[in-house]
Each structure stands twice: as structure tokens, then as C-alpha cells.
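# A structural walkthrough
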Amino acid sequence: MHSLLFGVMAASLYLSYAVKRAKFGLGLLAIGQNEDAAAVLGVPTPRYKAAVYSLSAFLPAIAGGLYFFKSAFIQPPDAFDLQLSTETIVIAMLGGQSTVLGPAIGAFLYEQLRGWLLVSPTFSSFQLVIAGALLLAIVLFAPGGLMGWLYRRWPGLRRFPQ
């Protein structure tokens, strides 16, 4: 099961990287900056937006299917939980937005912290409070996340895949 999950993660990271580097990704970047200007420059905005909405629904659908396969039971509180929503935002912010590897690194680091918090007798009941404090610290002191901090500290890293 773990090798399947790792394979799906690697495939989704590769897909994200390929989209970001392709003409399609540049068109999406132009649409994100100014949709009207992108349309004037020849970017087929309705087609690109429909494709990216489909792609952005495909990856969570795969994750949801694997979650059901792992747990064999699913209910609405599993997907619409305040703690899960907060953790997802913290993971994305911790790794860094607008990067491919940032959220994966953020997920690894946050899960390490969460594992430590769950076994800690002192902090196990304050997990959501600590996640909120971490999110606040990231927004105030490292708005680009870990990858943004690394890129500012060592500008030569920008040559490598983002």
C-alpha cells in the first residue's frame, strides 16, 4: 500500500511539474495574472480553465479513492473536518506556494511534527492550536514558506525544478 501511495505521489509531482513547465502552464500563469490580456495574446482561456479545473479535480479524486481503499469506510466528517482543513493549509504554507516540491516537503515536515505531538503527553491535546500558531508564524515570518526561504537564502537553487 505504501509503495502505491508513493507512486501516486511521484506521478502527481511529475504531472504538476510537467504542467508548470509546459505551454499550458505558461498559459495558466498568464490567465492568473490578467485573464483579458492573456485572451488578447491568444491564450484559449475557456479551454485552459476547463482543463485545469478537470485536472485539479482528478488528483484529489485519486487521493480520495486511495483513502477509501485504505480505510474501507468513508463518512462526511472525514473529508470536512476543521483539523484536516487547517492542516492542509499549514502544509501548503509551510512548504511554499507556487512550487511543486514545497507542499510535499511541507507535508513530510508537518507529519513529523504531528507524530511527535501525538505521542507527547503535554502537547497531544493542543495539536490544532499548535497548527494555528505555526500557520501564523509562517505568514508573519516566512510568507514564501520553506522553499521561498531557501530560494532567498541561496538564489542558485532557482535553477533546479521548482
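Described below are features of the structure shown in this document. Quantities reported herein were computed from a predicted structural model and do not represent experimental measurements.

## What about the overall build of the protein?
Counting its secondary structure elements, the protein contains 9 helices and 0 strands. Traced from its N-terminal end to its C-terminal end, the protein shows the element sequence α-α-α-α-α-α-α-α-α. Counting only C-alpha atoms, the protein reaches 60 × 40 × 30 Å along its principal axes. The contacts of the protein with a sequence gap of at least 6 include a subset with a gap of at least 24, amounting to 57%. Placing the 11 positive and 6 negative side-chain charges of the protein at their respective mean positions leaves the two points 16 Å apart.

## Some words on helix α2 (residues 23-33)
Within the sequence span of α2, burial applies to Phe-24, Gly-25, Gly-27 and Ile-31. Buried residues along α2 cover an arc of 160° about the axis, so they all sit on one side. Structural note: α2 exposes Lys-23, Leu-26, Leu-29 and Gln-33 on the side pointing more than 90 degrees away from its buried face. In this structure, the buried side of α2 is in contact with α1 (2-21), α3 (35-40) and α4 (45-71).

## A short note on the packing of helix α6 (residues 82-95) against helix α8 (residues 127-141)
One way to put it is that α6 packs onto α8 with a least axis distance of 10 Å and a crossing angle of 30°. Regarding the angle of α6 to α8, the classification is roughly parallel. As α6 runs across α8, the sense of the crossing is left-handed. On α8, the residues that touch Leu-82, Gln-83, Thr-86, Glu-87, Ile-89, Val-90, Met-93 and Leu-94 of α6 are Gln-127, Leu-128, Ala-131, Leu-134, Leu-135, Ile-138 and Val-139.

## Concerning the environment of Pro-46
Note on placement: Pro-46 falls in helix α4. Placed 22 residues apart in sequence, Pro-46 and Phe-68 show a C-alpha to C-alpha distance of 33 Å.

Parameters at a glance
- Per chain, residues are indexed from 1 in the order of the written sequence.
- In keeping with the model being predicted, local features are shown solely for residues with a pLDDT of at least 70 and side-chain atom pairs are shown and tallied solely at 80 or more, while totals for entire chains, interfaces and linings include all residues.
- With hydrogens and water excluded, all non-hydrogen atoms of the structure serve as input to the side-chain values.
- Segments assigned H or I by DSSP are reported as helices when at least four residues long, segments assigned E as strands when at least two residues long, and all are numbered from the N terminus.
- Note on definitions: a residue-residue contact is assigned when non-hydrogen atoms from the two residues lie within 4.5 Å.
- Charge counting treats Lys and Arg as positive and Asp and Glu as negative, with His and both chain ends excluded.
- To locate a charge, the coordinates of NZ of Lys, CZ of Arg, CG of Asp or CD of Glu are taken.
- Buried residues are those whose accessible area, probed at 1.4 Å on protein chains only, stays under 20% of the maximum for their type, while exposed residues exceed 50% and partly exposed ones sit between those limits.
- An arc is given here, and it is the one of the directions from the helix axis to the C-beta atoms.
- Throughout, an axis means a line fitted to C-alpha atoms (over the contacting stretch in the case of helices), and angles, computed between N-to-C directions, take values from 0 to 180 degrees.
- Any angle that is under 35 degrees is reported as roughly parallel, and any over 145 degrees as roughly antiparallel; angles of 65 to 115 degrees are reported as roughly perpendicular and all others as oblique.
- Throughout, a crossing is termed right-handed when the near helix is turned clockwise from the far one, and left-handed when it is turned anticlockwise from it by less than a right angle.

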